[in-house]
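Each chain, letter by letter, is given below.
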Amino acid sequence: MSTCFLFSVVVRVTVSRCTLINTPLSRHFITYNKDISYSDLKSLLEKSSGFVVDVRTQDEVDRGCIPGSIHIPLENVESDMSLDAAEFQSKFGVGKPSLDCSELVFHCQMGRRGAVATEKAKSLGFKCARNYAGGYKEWSEKGGK
């Protein structure tokens, strides 16, 4: 009689907020951390490299917004993020982010709607989309205006 043990080693490597998970018993896959912090978002915006989408209502946006963000209400995220590049450019005045854009960030007032928008974007193929969970509330409280 012999005993056989099966060992599974999990290796996690984090590269630019992407985590590669490698196990001998499963396929390789990449997951992307879905939230971004205030300081990381502020840094992206200071470098003019963030693509920030505000999913709040028009009334909320009229009371203040994160500079450089574009407004796509939550109920329009799927349809607007599905536009072709020319239609997106025409509607929003900026180029449409690529499906692998690592600087695509959704936000709302406090994080919940931003998380929903992030998941909608991921379902459309924007695999690295992230949510600013602190939302405009945290942004304005920390003086990010």
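See the structure printed just above.
Now for a quick tour of the structure. (Residues numbered from 1 in each chain as written. Predicted model: local features only at pLDDT ≥ 70, side-chain atom pairs only at ≥ 80, totals over all residues. Heavy atoms only, no water.)

What follows concerns the sheet that holds strand 4 (residues 51–54). If you walk across this open sheet you meet the four strands as 5-4-6-7, and the pairing is parallel. Two strands close off the open sheet at either side, each with one partner strand: strand 5 (70–71) and strand 7 (130–131). Across four bridges, strand 4 lies against strand 6 (residues 104–107) in parallel orientation. Residue pairing in the sheet places V53 in a bridge with F106 of strand 6. (Pairing = 2+ DSSP bridges. Helix = DSSP H or I, 4+ residues; strand = E, 2+ residues; numbered from the N terminus.)

All right, on to the packing of aromatic side chains then. On inspection of all chains with the given rule, the structure shows three aromatic pairs. Pairing Y38 with W139 gives two aromatic rings, centres 5.4 Å apart and planes at 55 degrees, and the pair type is tilted. Of this pair, Y38 sits in helix 1 (residues 38–46) while W139 is found in helix 6 (residues 135–141), placing the two residues 101 residues apart along the sequence. Look at W139 and you get buried, because its relative accessible area is 2%. Taken together, a centroid distance of 4.8 Å and an interplanar angle of 45 degrees make the contact between F88 and F92 tilted. Of the two residues, F88 and F92 are both situated in helix 4 (residues 85–92); the distance of four residues between them amounts to about one turn of the helix. Under the relative-accessibility criterion, F92 is labelled buried at 18%. Through a chain of ring-to-ring contacts, three or more aromatic side chains come together here, namely F51, F88 and F92. Above the face of the Y136 ring, R56 is positioned so that its terminal group lies 4.5 Å from the ring centre. (Phe/Tyr/Trp six-rings, centres within 6.5 Å; stacked < 30°, edge-to-face > 60°. Buried < 20%, exposed > 50% of the residue type's maximum accessible area, 1.4 Å probe, protein only. Lys NZ or Arg CZ within 6 Å of the ring centre and 35° of its normal.)

So, on to helix 4. Where helix 4 begins, the side chain of D84 points an oxygen toward the backbone nitrogen of A86, at a separation of 3.1 Å. Following helix 4 by one or two positions, G93 has its phi on the positive side, about 75 degrees. (Polar contact = N/O pair within 3.5 Å; in protein donor to acceptor, adjacent residues only side chain to side chain.)

For the rest of this paragraph, the subject is the environment of I72. Tracing the backbone shows I72 in the loop between strand 5 and helix 3 (77–81). On the basis of relative accessible area, I72 is assigned to the buried category, the value being 0%. Each C-alpha atom, one on I72 and one on V55, is 5.2 Å from the other, the two residues being 17 residues apart in sequence. Sequence-distant contacts of I72, that is, excluding residues within four places in its chain, are made with V53, D54, V55, V77, D80, M81, F88 and F92. (Contact = heavy atoms within 4.5 Å.)

Scanning all chains against the criterion turns up six salt bridges. K120 is the salt-bridge partner of E78, the closest N and O atoms lying 4.0 Å from each other. Of the two residues, E78 is situated in helix 3 and K120 in helix 5 (residues 112–123); the sequence distance between them amounts to 42 residues. What makes E78 partly exposed here is its relative accessible area of 40%. Take K120: its relative accessible area is 21%, and that puts it in the partly exposed class. E141 is the partner of K137 in a salt bridge, and the nearest nitrogen-oxygen pair spans 2.6 Å. Of this pair, K137 and E141 both sit in helix 6, separated by four residues, roughly a single helical turn. (Salt bridge = Lys/Arg side-chain N within 4 Å of Asp/Glu carboxyl O.)

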